[in-house]
Structure formats: structure tokens, C-alpha cells
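# Structural characterization, general
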Amino acid sequence: MIQITKDYIPVNKYSRAGLKLKAKRGIVMHYTASPGAPAKNISKYFASLAQQDSNKAVKGRYASAHFSVDRTSIYNSLPDDELAYHCGSATYTKEAIAKLETYPNNSTVGIEMCIEKDGSIHEDTFNNVVDLAVYLIRERGFPPVFFTHKEVVGWKECPLPWIKQPGEYERFKQAVHIKLNPLQEIAVTEDDDMNTVLNYAQWAWNELDQYIGDAYNDKVIEDWAWVEKVRKKKLTYGELLLLKVLIDERRRKKS
Ligand SMILES: [Zn+2]
């Protein structure tokens, strides 16, 4: 994972209340809605909210998120065990209340995804966000429970690119899952699927290709036919299991 840049905003009532989370129950995904703005600017923006004049008649703006991610950087605006104002609302969905309780900001970490000038999420940003989520789950005690901002509040179109293309949100969750459980994701529902040729998306075949390519290069497996099967997408579930046992066993012996 690329390094996380710590850029803590000062404790202030608008973007960093200085309160601890009551629990770690989920990870909430957002997008910045600012085409072309890098993660650094988003973090600076959250910090700038501290400067609002609380004596003014206008209502203050409360907002922050723990992390902002772009193609090349991850900014961390406040500790992941502190409350941020990323998914507050007058109303919450039933699912959010069931899983996150009545005030979801109290139990979630918020991630802002930066968007390109055309409004899209760059693949590098996507991958950085996957890595960050895996880190939060593996090392920071968050469960693999994801919500989009919209899934928490029900009305906000955030993150818009994933609202428009729900498949991308699914791809994200799957990518996190695979990183957490390498190859285990390759699961099927019934035993008699052992002889069924795997039916994966291209990116999953790519992952498999790399796995087997590495094994071949490291001389853990010697038969090129295995690599060929993967490249031609002819591998069955049973063969995959066998292959994994062979590779893991031989790697274990080698090390
Ligand atoms: Zn949002």
C-alpha cells in the first residue's frame, strides 16, 4: 500500500470534535464531488472548516472524513478511532440503524474517493482504496462491513460513480474480499461444480494468471499446461483446488 500521509486537522467543532468512536462497525464510502481535486485539497478543506466564525448568523458547515484518496496519495485527516462528520443526516436507512446504530458517525470510518476531471474514479484510486480498506480491516479493527453514503442515509447520491455503476461497488467489495482471503473467494455453491470450468471476470483470471505465473517462474510447478489452462480460461474448480494444494505444499517445503 502507498504510504498514508497524516494531516490531522485541529480539534474544532466543525470537523474534528475530538470524540472517540463508540465502536468500529463499518466502513463508509464517499466521493469528493470535486472533479480533479487531489486528496490533499480535500484534507485542507476539512481543516479550513475550523476557521468558520461561530458568531455569524449563518449556519456552520460540519464535515470531515478520516481518509481522502486519489491516484497517488492517501490523506488521513483525523485518527480512525475518532468521530468524523461524514454521514450525518436527519434520517437513516433501516439497514444502517441495524448495523451501525442510531448515529452511524459514531461507529464508522469514512473514506473520500477523489474523482478525475471527467467525474470518474481512476483505477489507481480504486486500487488505493481497496488497499486502505484491507488495512483498516486487518490492522485497525474494522469489520468487513461496507456502506455507501447512500446506503447509510438513503437519499444522498454518494459516491455518485458507484450509484451510477453499482457493478463497480461490487467489484470493490470483491477485490477487498480477495485480498483478505487469497484464493478462497474462488468458492462455488455446490460440490458437483468440481468439474465445471471456472467462470470468472477478466480481473479474477488476471489474478489467477499472476498466481500461477509466479509459481511457474519460481519452479514450484513445472508443467506449462497449468499456465496454459489458466490463460485459456479452461481451469475447473477441482483443478484449481489441486493446483492450490500443490503450490502451497511445495512452497512450504521450499521455505
Ligand atoms: Zn458522501
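Residues numbered from 1 in each chain as written. Predicted model: local features only at pLDDT ≥ 70, side-chain atom pairs only at ≥ 80, totals over all residues. Heavy atoms only, no water.

With that out of the way, let us pick up the overall build of the chain. Helix and strand counts for the chain come out as nine helices and six strands. Structurally, the chain occupies a C-alpha span of about 75 × 35 × 35 Å along its principal axes. A total of 255 residues make up the chain; the buried ones form 43% of that total. Look at the contacts in the chain between residues 6 or more apart in sequence, and 73% of them connect residues 24 or more apart. If you sum the accessible surface of the chain, you get close to 13800 Å²; carbon and sulfur atoms cover 50% of it. Charge centroids of the chain, computed over 36 positive and 34 negative side chains, lie 6 Å from each other. (Helix = DSSP H or I, 4+ residues; strand = E, 2+ residues; numbered from the N terminus. Buried < 20%, exposed > 50% of the residue type's maximum accessible area, 1.4 Å probe, protein only. Contact = heavy atoms within 4.5 Å. Areas by Shrake-Rupley, 256 points an atom, 1.4 Å probe, with all protein chains shown as cover. Lys, Arg positive; Asp, Glu negative; His and termini not counted. Charge placed at Lys NZ, Arg CZ, Asp CG, Glu CD.)

The next point concerns the coordination of the zinc ion. Angles at a metal have ideal values that depend on geometry: 109.5 degrees with four tetrahedral donors, 90 or 180 degrees with six octahedral donors. Binding of the zinc ion to the protein goes through His30 (ND1), His149 (ND1) and Cys158 (SG), at separations of 2.0 to 2.3 Å. Here the donor residues of the zinc ion are spaced in sequence according to H-x118-H-x8-C. By the burial criterion, His149 is buried, and Cys158 matches it. (Donors = N, O, S within 2.8 Å, 3.2 Å for Na, K, Ca; no water.)

Turning our eyes to something else, we now look at the packing of helix α7 (residues 202-217) against helix α9 (residues 237-254). Packing of α7 against α9 brings their axes to within 11 Å, and their N-to-C directions diverge by 40°. As far as their axial angle goes, α9 and α7 are oblique. In the crossing of α7 with α9, the sense of the turn from one axis to the other is left-handed. For the pair α7 and α9, contact is made by Leu208, Tyr211, Ile212, Asp214 and Ala215 and by Leu240, Leu243, Lys244, Ile247, Asp248 and Arg251, respectively. (Axes fitted to C-alpha atoms, helices over the stretch in contact; angles between N-to-C directions. Parallel < 35°, antiparallel > 145°, perpendicular 65-115°, else oblique. Left-handed = near helix turned anticlockwise from the far one by under 90°.)

To continue, consider the environment of Tyr169. As for its position among the elements, Tyr169 is in helix α6 (residues 166-180). The class for Tyr169 is buried, based on a relative accessible area of 6%. Residues Tyr169 and Val129, 40 residues apart in the sequence, show an inter-C-alpha distance of 11 Å. Aside from chain neighbours lying at most four places away, what touches Tyr169 is Phe146, Phe147, Thr148, Glu151 and Trp162.

Another point: the environment of Cys158. Note on placement: Cys158 falls in the loop between α4 (149-153) and α5 (160-164). With relative accessibility at 4%, the residue Cys158 sits in the buried group. Cys158 sits ten residues away from Thr148 along the chain, and the two C-alpha atoms are 6.8 Å apart. Residues in contact with Cys158, not counting those within four places in the same chain, are Met29, His30, Tyr31, Thr148, His149, Lys150 and Ile163.

Quick look at the domain arrangement of the chain now. Domain parsing of the chain yields domain 1 (4-180) and domain 2 (191-254). The straight-line distance from the C-alpha centre of domain 1 to that of domain 2 is 37 Å. (Domains from an automatic or database assignment.)

Counted under the stated rule, the structure contains 19 salt bridges. Taking the shortest distance from any N to any O, the salt bridge between Arg71 and Glu116 comes out at 3.3 Å. Placement of the pair is Arg71 in the loop between β3 (67-69) and β4 (74-76) and Glu116 in the loop between β5 (108-113) and α3 (123-139), with a sequence separation of 45 residues. Where Asp131 meets Lys179, a salt bridge forms, and the shortest distance between an N and an O atom there is 2.9 Å. Linking Asp131 in helix α3 with Lys179 in helix α6, this pair joins segments that are 48 residues apart in sequence. Of the residues examined, Lys179 reaches a relative accessible area of 40% and is grouped as partly exposed. Linked through salt bridges whose partners overlap, the residues forming this network are Lys24, Asp80 and Arg140. (Salt bridge = Lys/Arg side-chain N within 4 Å of Asp/Glu carboxyl O.)

Moving on: the packing of aromatic side chains. Inspection of the entire model under this criterion finds ten aromatic pairs. Aromatic rings pair up to connect Phe126, Phe146, Trp162, Tyr169 and Phe172 into one cluster. For the cation-ring pair, Arg16 lies above Tyr8, with the distance from its terminal atom to the ring centre recorded as 5.3 Å. Sitting over the ring of Phe126, Arg171 keeps its end group 3.9 Å from the ring centre. (Phe/Tyr/Trp six-rings, centres within 6.5 Å; stacked < 30°, edge-to-face > 60°. Lys NZ or Arg CZ within 6 Å of the ring centre and 35° of its normal.)

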